[in-house]
Amino acid sequence: MRWRIQRAIRPVQELVRRVRRAYAARGVRPERKTAITRNPLEAMLATCTDGLIGIRDRALLLFSFSSGGRRRSEVAAAVVENLVKVDMDTYVYRLTHSKTDQAGVEHNPHADKPLTGAAALALTAWLDASGVNSGAIFRRIRKTRAVEPLSGQAVWLIVKRRAMLAGLEGDYGAHSLRSGYVTEAGRQNVPMTEALALTGHRSLTTFLAYFQTGAVQHTQAADLLSKSTEP
């Protein structure tokens with residue numbers, strides 16, 4: 001069944017590739033969301049002071065960013081059963097479903113995503129305050145209770161709202177956390193293989209576009225004239 005589905009969508013994929021190449025040849029680039037790197041993220045976290053909603057949003061933002069820039073669908077689908085607490089400031093989240101593995105059947109050697117430091121503490125604060133101990137981790141708030149799971153659209157709206165409250169300029173969405181993680185990894189000289197293992201990108205081209213954007217200002221290749229040529 002699976003090979004039949006793949007065979008059916010191949011013509012569509014080829015059409016998309018041709019359209020992209022045509023736009024690229026004309027110098028037209030696809031619009032991208034503004035990347036949420038460390039400084040914008042910290043500004044957004046500073047707005048999370050509104051009670052239980054703020055505790056949830058802080059945990060959600062840090063969960064998404066720190067675990068490798070999770071997609072909004074992955075954040076919405078995150079469940080307590082896939083979460084293992086290692087110690088006071090470390091969790092490991094097992095990503096069993098993703099955009100590229102929706103059935104959760106492929107063997108993924110990089111399925112375990114660590115959450116440490118501030119991200120782990122924020123997650124603990126949310127779980128304790130909300131009383132969530134099974135099922136969806138991130139949920140809607142009604143009065144003072146955590147109820148039904150958030151949708152991917154709700155995750156997107158949370159990111160947009162926090163960016164607005166922080167007074168950030170740009171076009172922000174849930175994908176901003178994913179692109180921001182990769183960009184920040186490049187800026188901090190994180191080995192590309194380590195960053196890629198966390199993000200799980202299938203498209204190396206997409207990953208490299210953000211990683212190199214973050215790394216380019218730190219490359220030694222741009223500073224050759226300051227190097228001594230004396231023996």
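Predicted model, so just to flag it, every value in this text is computed and none were measured.

Structural notes on the sheet that holds strand β3 (residues 112–116)
Strands belonging to one sheet form pairs held by backbone hydrogen bonds; the direction of such a pair is parallel or antiparallel.
Here's step 1: With antiparallel pairing, 3 strands are arranged side by side in an open sheet as β1-β2-β3. Since the sheet does not close on itself, it has two edges, and those belong to β1 (83–87) and β3, each with one partner. Averaged over neighbouring strand pairs, the angle between their axes works out to 25° when direction is ignored.
Here's step 2: Note: strand β2 (residues 90–94) against β3, 5 bridges, orientation antiparallel. Across the sheet, the residue bridging to Val92 is Pro114, located in β3.
Here's step 3: Taken strand by strand, helix α5 (residues 118–130) contacts β1, β2 and β3, and its axis lies near 85° from that of β3.

With respect to the packing of aromatic side chains
Here's step 1: Under the defined criterion, the tally for this structure stands at 3 aromatic pairs.
Here's step 2: Ring plane angle 75° and centroid distance 5.4 Å describe the contact between Phe63 and Tyr93, whose orientation is recorded as edge-to-face. Of this pair, Phe63 sits in helix α3 (residues 51–66) while Tyr93 is found in strand β2, placing the two residues 30 residues apart along the sequence.
Here's step 3: Exposure remark for Phe63: the relative accessible area of 1% places this residue in the buried category.
Here's step 4: The interplanar angle of 70° and the centroid separation of 5.4 Å between the aromatic rings of Phe63 and Phe138 together place this pair among those described as edge-to-face. Residue Phe63 is located in helix α3, and its partner Phe138 is located in the loop between α5 and β4 (139–142); the two are separated by 75 residues in the primary sequence.
Here's step 5: By relative accessible area, Phe138 is classed as buried at 1%.
Here's step 6: Aromatic ring contacts, followed pair by pair, group Phe63, Tyr93 and Phe138 into a single cluster.

Rules used throughout
Residues numbered from 1 in each chain as written. Predicted model: local features only at pLDDT ≥ 70, side-chain atom pairs only at ≥ 80, totals over all residues. Heavy atoms only, no water. Pairing = 2+ DSSP bridges. Helix = DSSP H or I, 4+ residues; strand = E, 2+ residues; numbered from the N terminus. Axes fitted to C-alpha atoms, helices over the stretch in contact; angles between N-to-C directions. Contact = heavy atoms within 4.5 Å. Phe/Tyr/Trp six-rings, centres within 6.5 Å; stacked < 30°, edge-to-face > 60°. Buried < 20%, exposed > 50% of the residue type's maximum accessible area, 1.4 Å probe, protein only.

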